[in-house]
Amino acid sequence: MKIDVLTLFPNMFEPLKESIISRATKTQKLEINVINIRDFSKDKHKKCDDYTFGGGPGMLMMAQPIYDAMTSIDGYKDALKIYLSPKGKTFNQTESKRLSKHNHLILLCGHYEGVDQRVIDLLIDEEISIGDYVLTGGELPAMVLIDSVSRLIDGVLGGDESAEIETFKDNLLEYPQYTKPREFMGLSVPEVLISGDHAKVDKWRREQSEKLTRERRPDLIDKK
Ligand code: 4G4
């Protein structure tokens, strides 16, 4: 998969050079391209924001630098073009799976009060939000989306790293897990997990998942 990111703050994407995502780019399962919108400003001071028509506080990102940055990307017409915005459809694991099936994503990160509406009308296919809270920019949401989608691409996770994690599988939260030692600070690993009885282990995990989901996320039970 190829992911292009349009941003005024390209340095915010440095963390993607770490760990699993970095390995995926090295093995060419994933190509991430960060494009600085400021490079496309036609203004002598590289200005990319301005006041809003109709008044009100705050600045908006101007249409022209974003439009030129977007249309400079090879194959942009066929890519899925996403704007990260608090007004978007809420992201979840189902949406992540859907996006992971695309060959080419382009992510537009807004700053200040967002972008000129004409950029959205002309170029954007989908507005996506990572949750009901406001951030200073779309960069962290873009990185959340990249991380979540990347780990679903074939070959990005290694042998011991499973993409089919238990949380949200069957719309249930994951059961508690334990590793060595058997006792820590007076707390023991539940007896059933060291019994060696796989059927009993499966039953216990299922019950724990259902109890936790009922207590913490009754909305997920309603979804089932
Ligand atoms: C677009 C419009 C996304 C982008 C306004 C972006 C939260 C999310 C932004 C803004 C964002 C989210 C400055 C309000 C950038 N905040 N929940 N901020 N704002 O996915």
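Details of the structure are given in the entry above.
Residues numbered from 1 in each chain as written. Predicted model: local features only at pLDDT ≥ 70, side-chain atom pairs only at ≥ 80, totals over all residues. Heavy atoms only, no water.

### Here's the deal with the overall build of the chain
For clarity, the cut-off: Only DSSP runs of H or I reaching four residues or more are called helices, and only runs of E reaching two or more are called strands; each is numbered from the N terminus. Using a 1.4 Å probe on the protein chains alone, a residue whose accessible area is under 20% of its type maximum counts as buried, one over 50% counts as exposed, and one in between counts as partly exposed. Each accessible area is a Shrake-Rupley result for a 1.4 Å probe, and residues are judged covered by the shown protein chains and nothing else. The positive count covers Lys and Arg only, the negative count covers Asp and Glu only, and His and the chain ends enter neither. Each charge is placed at NZ for Lys, CZ for Arg, CG for Asp and CD for Glu.
When helices and strands are counted, the chain shows seven helices and nine strands. Dimensions of the chain, computed from C-alpha atoms along their principal axes, come out at roughly 70 × 40 × 35 Å. Put simply, the chain has 224 residues, and 37% of those count as buried. Only carbon and sulfur atoms are counted for the fraction: they give 51% of the accessible area of the chain, which is about 13900 Å². Treating the 32 positive side-chain charges of the chain as one cloud and the 37 negative ones as another, the clouds have centres 2 Å apart.

### Structural notes on the environment of Asp197
Condition: For the purposes of these results, a polar contact is taken to be a pair of N or O atoms within 3.5 Å, where, inside protein, one atom must be able to donate a hydrogen and its partner to accept one; residues adjacent in sequence count only when each atom of the pair is a side-chain atom.
Position of Asp197 among the secondary structure elements: in the loop between strand E9 (187-188) and helix H6 (198-216). At 3.3 Å, the side chain of Asp197 and the backbone nitrogen of Ala199 are in polar contact.

### Some points on the environment of Ile3
For Ile3, the position within the fold is in strand E1 (residues 2-7). C-alpha separation for the pair Ile3 and Leu30, spaced 27 residues apart in sequence, amounts to 7.7 Å.

### Notes on the site of the ligand
This is how it is decided: Summary of the distance rule: residues count as near a molecule or strand when at least one heavy atom falls within 4 Å of that molecule or strand. We call Asp, Glu, Lys and Arg charged. Ala, Val, Leu, Ile, Met, Phe, Trp, Tyr, Cys and Pro are nonpolar, and the rest, Gly among them, are polar.
What surrounds the ligand is a group of 17 residues, the closest being Tyr83, Tyr112, Ile130, Gly131 and Leu135. Measuring from a nitrogen atom of the ligand, one finds a side-chain N or O atom of Ser129 at 3.2 Å. Backbone polar atom of Ile130 to an oxygen atom of the ligand: 2.8 Å apart, as the coordinates give it. Here the ligand has 460 Å² of accessible area as a free molecule, and 91% of this is covered by the chains. Class assignment for the residues of the shell around the ligand results in nine nonpolar, seven polar and one charged.

### Looking at the pairing of E1
Our working rule: Throughout, right-handed denotes a crossover for which the path from the first strand over the helix to the second runs clockwise when the strands point away from the viewer. A strand pair is defined by DSSP finding two or more bridges across the two strands.
Taken across its six residues, E1 has five buried, putting it largely inside the fold. What joins E1 to strand E2 (residues 31-36) is helix H1 (residues 19-26), and the crossover it makes is right-handed. With five bridges connecting them, E1 and strand E6 (residues 104-109) associate as parallel partners. Across the sheet, residue Val5 finds its bridge partner in E6, namely Leu107.

### Describing the sheet that holds strand E7 (residues 126-129)
Quick note on the threshold: An axis is simply a line fitted to the C-alpha atoms; with a helix, the fit covers only the stretch in contact. Between two such axes, the angle follows the N-to-C directions and lies from 0 to 180 degrees.
Strand order across the open sheet formed by five strands is E2-E1-E6-E5-E7, with parallel pairing between neighbours. The open sheet has two edge strands with one neighbour each: E2 and E7. Strand-to-strand twist across the sheet, computed as the mean angle between neighbouring axes with direction ignored, equals 30°. As defined by bridge partners, E1 adjoins E2 across six bridges and the pair is classed as parallel. Within the sheet, the bridge partner assigned to Ile3 lies in E2 and is Ile32.

### Here's the deal with the nonpolar core
The condition is simple: Put simply, buried Ala, Val, Leu, Ile, Met, Phe, Trp, Tyr and Cys residues joined by side-chain atoms within 4.5 Å make one nonpolar core.
Membership of the largest hydrophobic core comes to 24 residues, with the highest contact counts inside it found for Ile3, Ile82, Leu99, Leu105, Leu107 and Leu145. Contributing elements (two or more residues each) for this core: E1, H1, strand E5 (80-90), E6 and helix H5 (139-150). Broken down by element, the residue count for this core peaks at five residues, all from H5. Judged by nonpolar contacts, the second largest core, of 20 residues, contains Cys48, Met70, Ile73 and Val119.

### A short note on unusual backbone geometry
Omega for the bond connecting Lys180 with Pro181 falls within 30 degrees of zero, at 5°, which places this linkage in the cis form. Following the sequence through the fold, Pro181 ends up in the loop between H5 and strand E8 (183-184).

### Here we look at a nonpolar patch on the surface
Note the threshold: Two distance rules govern patches: like charges are joined within 9 Å, and nonpolar side chains (Val, Leu, Ile, Met, Phe, Trp, Tyr) within 5 Å, applied only to residues with over 30% relative accessible area and no salt bridge. In the sections that follow, a salt bridge refers to a side-chain nitrogen of Lys or Arg positioned within 4 Å of a carboxyl oxygen of Asp or Glu.
On the surface, a nonpolar cluster with roughly 530 Å² of combined accessible area is contributed by Phe9, Met12, Tyr112, Tyr133, Leu135 and Leu140. Assignment of secondary structure puts Tyr133 in the loop between E7 and H5.

### Focus: the pattern of salt bridges
For the structure shown, the criterion picks out 15 salt bridges. We note a salt bridge from Lys17 to Glu14, for which the minimum N-O separation is 2.7 Å. A relative accessible area of 56% places Lys17 in the exposed class. For Glu210, the salt bridge goes to Arg206, with nearest N and O atoms at 3.0 Å. Taken as a pair, Glu210 and Arg206 lie in helix H6 at a separation of four residues, close to a single helical turn.

### Topic: the side chain of Ser209
Under the convention used in this document: Here, two residues are considered to be in contact whenever any of their heavy atoms come within 4.5 Å of each other.
With respect to the helices and strands, the residue Ser209 is situated in helix H6. The residues touching Ser209, leaving out its near neighbours within four places in the chain, are Leu172, Leu173, Glu174 and Tyr175.

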